[in-house]
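Understanding the architecture of this molecule
Here is how the chains run, residue by residue.
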Amino acid sequence: MSTVVPIELAEQTEIRAYADFVTGAPAPVWEALGIGSLRVGTALALAIREDPSRFFNKAGGFGADGPITEDVVAQVCEFYREQGVPQGAFMVAPPLLPQDWGSIAAKRNLTEGGRLAKLGCEVDALVGSAGGIAALDPDLRVGPVDRHHALEWATVMMNTFGFTAPFMIEMAAACVGRPNWRQYAVWEGERIIAIGSIFVNGDCADMFGGATLPRGRGRGAQSALLAARARAAQDAGCRWLVAETGAEAPGEHNTSLHNMLRAGFQPLYERVTWLWRA
């Protein structure tokens, strides 16, 4: 039977994680990266003008306070325009799309981008499930990250994902030790080779930013990090965990997706990323 995570809570938890990750940066980093944010009802929108990846230019959390309207979409599009970014994304769970979404998207020139798989599970069930968690290589160890290791942790994360613009590592490092965050790493000797976080949003936590350096792959690092983060969510009093990763097209294989399914996550839905372009 599929785990029932409230859709609005799942979407709110995801965008709040991104919002805290980005907007918690120190003021000099805000200025250097050109960070901007907008709240429209329960929805949040983010933009980083100096990040060429455009990954963090996203808006989500729609639908918790009522149907999505053209006015809300227009406000987010105008925000992206004012921030001077070439592209921004709308993240809307399929059940929350209004009946007239097609006409709204056409009027605002929104086009379909990639698809993400949204996953969820009961925290206690994930913690209690030993099956499918790959054994960690005996040469590796997993544990929490403190401020002393924040810069190394952030370097592994951002470089692995290709977010190499100046000040992006400093932005990521600033989240270590902040309220509602729990960061973990896998070490080989004294060096971090894999990382992952959770962001706690009341009853729900988001699996955020799991990444492994090439030399650490295939050694159980991400499975160990999934287990450690599930225990952290349980300790924080969360009922649910959610995660997002790329959906598989025919013939594709997403290792991250299969790691999470093997650990005990269940598919909730696939979500189209709707793109606004300047």
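Look a little higher up for the structure.
Residues numbered from 1 in each chain as written. Predicted model: local features only at pLDDT ≥ 70, side-chain atom pairs only at ≥ 80, totals over all residues. Heavy atoms only, no water.

Comments concerning the overall build of the protein
Note the threshold: Note on conventions: DSSP H or I runs of at least 4 residues are helices, E runs of at least 2 residues are strands, and numbering of each starts at the N terminus. Computation of the radius of gyration draws on C-alpha atoms, with the globule rule given as 2.2 Å multiplied by the number of residues to the power 0.38. Per-residue accessibility, obtained with a 1.4 Å probe over protein chains only, is compared with the maximum for each type, and a residue is labelled buried under 20%, exposed over 50%, and partly exposed between these values. To be clear on the numbers: accessible area is Shrake-Rupley with a 1.4 Å probe, and residue cover counts the displayed protein chains and nothing else. In this tally, Lys and Arg are treated as positive and Asp and Glu as negative; His is ignored, and so are the chain termini. Charge positions come from single atoms, namely NZ of Lys, CZ of Arg, CG of Asp or CD of Glu.
Across its full length, the protein carries nine helices and 11 strands. Its C-alpha radius of gyration of 18 Å places the protein within 12% of the 19 Å reference for a compact globule of 278 residues. Seen through its C-alpha atoms, the protein measures out along the principal axes to roughly 55 × 45 × 40 Å. A buried classification covers 54% of the 278 residues belonging to the protein. Counting every atom, the protein has about 12,100 Å² of accessible surface; 52% of that belongs to carbon and sulfur. Averaging the coordinates of the 24 positive side-chain charges in the protein and doing the same for the 30 negative ones gives two points 2 Å apart.

Observations concerning the pairing of strand E9 (residues 204–212)
Inclusion rule: Should DSSP find at least two bridges between two strands, the strands are taken to pair. For the handedness criterion, the strands are oriented away from the viewer, and a crossover whose path from the first strand over the helix to the second runs clockwise is classed as right-handed.
Taken across its nine residues, E9 has eight buried, putting it largely inside the fold. Two elements, strand E8 (residues 191–201) and E9, share seven bridges in a ladder whose sense is antiparallel. Across the sheet, residue Ile-195 finds its bridge partner in E9, namely Ala-211. With antiparallel pairing between neighbouring strands as the criterion, E8 and E9 make up a hairpin whose turn holds two residues, including Gly-202 at a positive phi of roughly 65 degrees. As judged from the three bridges shared by E9 and strand E10 (residues 240–246), these two strands associate in the parallel manner. Across the sheet, the residue bridging to Cys-204 is Trp-240, located in E10. Handedness of the crossover joining E9 and E10 through helix H8 (residues 221–235): right-handed.

Some thoughts on the state of the cysteines
Cysteine pairs can be linked by a disulfide, which is a covalent bond between their two sulfur atoms. Note the following rule: Criterion for a disulfide: a pair of cysteine sulfur atoms within 2.5 Å.
All chains considered together, the criterion is met by zero disulfides. In this model Cys-204 remains outside any disulfide bridge; the closest cysteine sulfur is found in Cys-238, 7.1 Å from its own. The exposure class assigned to Cys-204 is buried, which follows from its relative accessible area of 0%.

Overview of the environment of Val-123
Let me state the cut-off plainly: Any two residues whose heavy atoms approach within 4.5 Å are treated as being in contact.
Counting through the fold element by element, Val-123 comes out in helix H5 (residues 123–128). On the basis of relative accessibility, which here comes to 0%, the residue Val-123 falls in the buried class. Linking Val-123 and Gly-246, residues 123 residues apart in sequence, is a C-alpha distance of 22 Å. Not counting chain neighbours up to four residues away, the residues in contact with Val-123 comprise Ala-230, Ala-233, Gln-234, Cys-238, Arg-239, Trp-240 and Leu-241.

A word on the sheet that holds strand E3 (residues 58–60)
Applied cut-off: Geometry is summarised by axes, namely lines fitted to C-alpha atoms with helices restricted to the contacting stretch, and by angles between N-to-C directions that run from 0 to 180 degrees.
Here we have 11 strands laid out as an open sheet, ordered E1-E2-E3-E4-E11-E5-E10-E9-E8-E7-E6, and mixed in their pairing. Each of the sheet's edge strands pairs with one partner strand only, and the pair in question is strand E1 (35–40) and strand E6 (140–144). Sheet twist, expressed as the average angle between the axes of neighbouring strands with direction ignored, equals 20 degrees. One ladder, built from eight bridges, connects strand E5 (residues 111–122) with strand E11 (residues 266–277); its direction is antiparallel.

What about the nonpolar core?
Put simply, the rule reads: Buried residues of nine kinds, namely Ala, Val, Leu, Ile, Met, Phe, Trp, Tyr and Cys, make up a nonpolar core once their side-chain atoms join them within 4.5 Å.
Within the largest apolar cluster, 69 residues are counted, with the highest numbers of intra-cluster contacts made by Phe-21, Phe-56, Trp-153, Met-158, Met-171, Leu-241 and Phe-265. Not counting residues up to four positions away in its chain, the partners in contact with Phe-265 are Leu-119, Gly-120, Cys-121, Leu-126, Met-207, Leu-226, Leu-241, Val-242, Ala-243 and Met-260. Judged by nonpolar contacts, the second largest core, of 31 residues, contains Ala-10, Ala-93, Leu-96 and Cys-204.

Some details on the packing of H8 against helix H9 (residues 255–263)
To describe two helices that pack against each other, one gives the angle between their axes and the distance between the axes. Our working definition: The cut-offs work like this: below 35 degrees is roughly parallel, past 145 is roughly antiparallel, 65 to 115 is roughly perpendicular, and the gaps in between are oblique. Note on convention: near helix rotated counterclockwise from far helix by under a right angle means a left-handed crossing. Clockwise means right-handed. Amino acids are sorted into nonpolar (Ala, Val, Leu, Ile, Met, Phe, Trp, Tyr, Cys and Pro), charged (Asp, Glu, Lys and Arg) and polar (every other residue, Gly among them).
Running from N to C, H8 and H9 cross one another at 50 degrees; their axes reach a closest spacing of 10 Å. As summarised for this structure, H8 and H9 are arranged oblique, according to the angle between their axes. The handedness of the crossing between H8 and H9 is right-handed. Of H9, the residues touching H8 (which contributes Gln-222, Ser-223 and Leu-226) are Asn-259, Met-260, Arg-262 and Ala-263. Here the contact of H8 with H9 is built from residues that sort into three nonpolar, three polar and one charged.

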